[in-house]
Amino acid sequence: MRGELLIVTGIVLIMIGFMLVFLGTLISAFSQPQEGNVEAGGVIMIGPIPIAFGTRKGVTMAMILAVVLMALWVILALLRRI
């Protein structure tokens, strides 16, 4: 019974996520364009080697987020062993 509830909850949360992405896309598509600078960046991790792309500010933020997420993963992996 409890396992079924978790499965249904997970499916509902995934569906809500898809709906929010779809609504955000629609709102963005029909809104008035605003002038301004676009800052974007990303990081692709291939093993221990990071590949960064984008503008300087975007890459900096993406690298900081990647380091934080890697540290969080290591901490959670170590806590699981205890």
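Residues numbered from 1 in each chain as written. Predicted model: local features only at pLDDT ≥ 70, side-chain atom pairs only at ≥ 80, totals over all residues. Heavy atoms only, no water.

A. Representation of the overall build of the protein within the structure. Helix and strand counts for the protein come out as two helices and two strands. Reading the protein from its N terminus to its C terminus gives the helix and strand order α-β-β-α. Dimensions of the protein along its principal axes, counting C-alpha atoms only, are 55 × 35 × 15 Å. For the protein, the accessible surface area stands at approximately 7,800 Å², while carbon and sulfur atoms represent 74% of it. (Helix = DSSP H or I, 4+ residues; strand = E, 2+ residues; numbered from the N terminus. Areas by Shrake-Rupley, 256 points an atom, 1.4 Å probe, with all protein chains shown as cover.)

B. Geometry of the pairing of strand β2 (residues 49-54). Judged from the six bridges that link them, strand β1 (residues 41-46) and β2 form a sheet pairing that is antiparallel. The residue bridging Ile44 from the neighbouring strand is Ile51, located in β2. (Pairing = 2+ DSSP bridges.)

C. Molecular detail of the environment of Leu69. Structurally, the position occupied by Leu69 is in helix α2 (residues 56-81). Exposure remark for Leu69: the relative accessible area of 48% places this residue in the partly exposed category. Sequence separation of Leu69 and Leu79 is 10 residues, and the distance between their C-alpha atoms is 15 Å. (Buried < 20%, exposed > 50% of the residue type's maximum accessible area, 1.4 Å probe, protein only.)

D. Inspection of helix α1 (residues 2-30) at higher detail. Taking 1.5 Å as the rise per residue, α1 with 29 residues should run 42 Å; its terminal C-alpha atoms sit 42 Å apart, in good agreement. Of all 29 residues that make up α1, zero are buried, and the element is exposed over most of its length. (Expected span 1.5 Å × (residues − 1).)

E. The arrangement of α2 in detail. Compared with the 38 Å implied by 1.5 Å per residue over 26 residues, the 38 Å span of α2 between its first and last C-alpha is a close match. Listed in full, the buried residues belonging to α2 are Gly58, Val59, Ala62 and Ala66. On its buried face, α2 sits against β1 and β2. (Contact = heavy atoms within 4.5 Å.)

F. Quick peek at a nonpolar patch on the surface. Together, Leu65, Leu69, Leu72, Ile75, Leu76, Leu79 and Ile82 make up an exposed nonpolar region whose accessible area comes to about 750 Å². Relative to the helices and strands, Ile75 resides in helix α2. (Patch = residues over 30% accessible without salt bridge, like charges linked within 9 Å, V, L, I, M, F, W, Y side chains within 5 Å. Salt bridge = Lys/Arg side-chain N within 4 Å of Asp/Glu carboxyl O.)

G. Looking closely at the environment of Pro50. On the secondary structure map, Pro50 appears in strand β2. Taking the C-alpha atoms as reference points, Pro50 and Leu6, 44 residues apart in sequence, are found 35 Å from one another.

H. A look at the environment of Leu23. Relative to the elements of secondary structure, Leu23 occurs in helix α1. Sequence spacing of Leu23 and Met61 is 38 residues, and the spatial spacing of their C-alpha atoms is 26 Å.

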